[in-house]
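Each chain is listed here by its residues.
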Amino acid sequence: MKLSEYVDHDATGLAALVRAGEVTPLELTRLARQAHDEVNPRVNAVIEFYEDAETVEGSEGGVFQGVPFLRKDIGFTEAGRLQEKGSRLFKGHRSNTDSYFFRRARDGGLRTLGRTTTSELGTTPMSESILNGITGNPWDLERSAGGSSGGSAAAVAAGITPIAHGSDGGGSIRIPASWCGLVGLNPSRGRVSGGPDNQDANLGLSRAFVLCRTVRDMAAALDVFSGPHPGDPFIIVQPNRSYVEELSQPTGRLRVGVARTSWGAVNLDPEVLRAVESTATLLQEMGHTVKDIDPPYEPVEYSRLYLAPTTASGLEKAARAMGRTISTDTLEPVNLKRYEYSRDLPLSRAADLEEALRKIRFRVGKAIHTFDILLTPTMPIVAVPHGGIYSANNPAVSAEDYVEADTAICQYTGVFNATGQPSMSLPLSQSARGLPIGIQIVGRFGDEATLVRVARDLEKARPWSHQRPKIRAGNS
């Protein structure tokens, strides 16, 4: 297989070729390394392509049959491997834990070959850090790939691997999916176990899954990663059939709520609005009932969730373990200010956070309960240039101003981290300059099946596989 052929296949297609004996997992690993060597010096998406990648453990079967995979450098871990969280505070840190996520990845046939960049501590929607530098968007290297799963998104978009690990605490899968032209699902709270040591992370705001290029890869990955483990805090409703089987099931007629207005302080770009309206028209032509919805929450409620006393003690414990101190030498300016802010808050503010979460879940649930799915922009604007107010390496920005700006640009994504609903970004449009525009589809809690079917319909009606970024392996 040639590199130009490798990058044209999604993970499901590569797995089928392995199953048919047309290519081996070792050949796929070598092609992934070749793709990395060709494009990574330009996009800076992969921090480390493992020296022993050709001999990493992985199931000889499973759904994915040895397909190459990458790990975001924060969140779930592989025992013995580096995990530096995009931060100088954690430089050189190795985990002792094999997360259930990566056990499932191996059992499902995915071979994890390296780790990808993330913004420091995964806190910003940008793809840059002092530790690892700037990750460029393969569509336009001067623009952000999005955060915090920007390295994984850039690697998939550029063809290094067809699928990669991501995590999402406020949009960190869907933002880079939108800006890099990918499929990015944030599953329901509890759909993917955080065990053995990170269940229901960040008060239930954070979940993990993958970034990929096709709906069938998303469905297959749901089958691989879904399911509870002993010790999980709760078990949500389990699917009636596999998600791959859902690809052949009828969608039925749905009630669709459409967001055509801004939900925060960042105005909705006219090109993004046109993409939403075009998708709404398409869904209506498919037989669904479409109705406009007003913003279901107050922005001030949302921003409070991200200025909470949840980080200081953990960072202090990590610093002691690493023999380091928290300072300008170990944390970027905005994250240092957020640490100082949360450190100085009274413990009683934890109860305020729980109440803020309860209120926003109730109010959003009440506002949208009559709809089967929601249709919103993923991001109000297309990919932004590197740096600026959204970067954690901006000494002029206060913790409060940063969180206000961050929640404003993530106005359509973070709210569904709070409610726990599944939400996905699909690459259904492009700007006049050729930049991807992601459209977000939100489902009822626990109902990824409907999202799979709707995504299948939209991919068929408005295919995106022909859209290629400027930087892509096999093009040189």
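To start, this report covers the structure provided alongside it. The numbers attached to residues start from 1 for each chain and follow its sequence in the written order. Under the rules for a predicted model, residues below a pLDDT of 70 receive no local features and side-chain atom pairs below 80 are neither given nor counted, while totals for whole chains, interfaces and linings still include all residues. Only hydrogens and water are set aside when side-chain values are computed; all heavy atoms of the structure are taken into account.

Next up on the list: the overall build of the protein chain. Strands are runs of DSSP state E lasting at least 2 residues, helices are runs of H or I lasting at least 4, and numbering of each runs from the N terminus. Within the protein chain one finds 16 helices and 15 strands. A compact globule built from 476 residues would reach a C-alpha radius of gyration of about 23 Å, and the protein chain, at 21 Å, matches this within 12%. Principal axes of the C-alpha set define a box for the protein chain whose edges measure 60 × 55 × 45 Å. Buried residues are those whose accessible area, probed at 1.4 Å on protein chains only, stays under 20% of the maximum for their type, while exposed residues exceed 50% and partly exposed ones sit between those limits. Counting over 476 residues, the protein chain shows a buried share of 60%. Here a residue-residue contact requires only that any non-hydrogen atoms of the pair lie within 4.5 Å. Summarising the internal contacts of the protein chain: among those between residues at least 6 apart in sequence, 80% fall at separations of at least 24. Carbon and sulfur atoms make up 49% of the accessible area of the protein chain, which totals about 17900 Å². Both definitions apply: the radius of gyration is a C-alpha atom measure, and the globule rule equals 2.2 Å times residues to the power 0.38. Per-residue and other accessible areas were derived by the Shrake-Rupley procedure at a 1.4 Å probe size, with only the shown protein chains allowed to occlude residues.

What follows is about helix 7 (residues 215-225). Of all eleven residues making up helix 7, nine are buried, and the element is well covered by its neighbours. Among all positions in helix 7, only Val215, Asp217, Met218, Ala219, Ala220, Ala221, Leu222, Val224 and Phe225 are buried. In the stretch just after helix 7, Gly227 is the one whose phi turns positive, near 125 degrees.

In this fold, Pro385 is placed in the loop between strand 13 (373-377) and helix 14 (399-409). Residues Pro385 and Arg363 lie 22 residues apart in sequence; the distance between their C-alpha atoms is 34 Å. Excluding residues that lie within four positions of it along the chain, Pro385 makes contacts with Met126, Glu142, Arg143 and Ser144.

Looking now at the sheet that holds strand 3 (residues 111-116). When DSSP locates at least two bridges between a pair of strands, those strands are taken to pair. Strand order in the open sheet formed by three strands is 1-3-2, and the pairing between neighbours is mixed. The sheet terminates laterally at strand 1 (46-49) and strand 2 (68-72), the two strands that pair on one side only. Strand-to-strand twist across the sheet, computed as the mean angle between neighbouring axes with direction ignored, equals 40 degrees. Summarising the sheet, strand 2 and strand 3 pair through four bridges and their orientation is parallel. Within strand 3, the position partnered with Pro68 by the bridge is Arg111. Lines fitted to C-alpha atoms define the axes, with helix axes restricted to the stretch in contact, and inter-axis angles between N-to-C directions lie between 0 and 180 degrees.

On to the nonpolar core, then. Here the nonpolar core consists of buried residues drawn from Ala, Val, Leu, Ile, Met, Phe, Trp, Tyr and Cys, with membership extended through side-chain atoms lying within 4.5 Å. Counting residues in hydrophobic clusters, the biggest one holds 126 residues, and the most contacted among them are Ile163, Phe209, Met218, Phe225 and Ile441. In terms of residues, this core owes the most to one element, helix 7, which gives eight residues. Once residues within four sequence positions are removed from consideration, Phe225 is found in contact with Phe69, Phe101, Arg104, Ala105, Leu110, Arg191, Val192, Phe209 and Val210. Membership of the second largest hydrophobic core comes to eleven residues, among which are Leu121, Ala312, Leu315 and Leu336.

Here Glu120 is to be found in the loop between strand 3 and strand 4 (128-129). Positive charge is attributed to Lys and Arg, negative charge to Asp and Glu, and no charge count is given to His or to the chain ends. Salt bridges are defined by distance alone: a side-chain nitrogen of Lys or Arg within 4 Å of a carboxyl oxygen of Asp or Glu. Among buried charged residues, Glu120 stands out as having no salt bridge; its nearest opposite-charge side chain is Arg88, 4.9 Å away. Residues adjacent in sequence count toward polar contacts only when both atoms are side-chain atoms; beyond that, a polar contact is any pair of N or O atoms within 3.5 Å, and within protein one must be able to donate a hydrogen and the other to accept it. Within polar-contact distance, the side chain of Glu120 engages the backbone nitrogen of Glu332 at 2.9 Å.

Burial along strand 9 (residues 183-186) is two-sided: the face carrying Val183 and Leu185 and the face carrying Gly184 and Asn186 are both buried. Alignment of strand 9 against strand 10 (residues 207-212), held across two bridges, turns out to be antiparallel. Bridge pairing links Gly184 to Leu211 in strand 10. Judged from the three bridges that link them, strand 9 and strand 14 (residues 423-430) form a sheet pairing that is antiparallel. Paired with Leu185 across the bridge in strand 14 is Met424.

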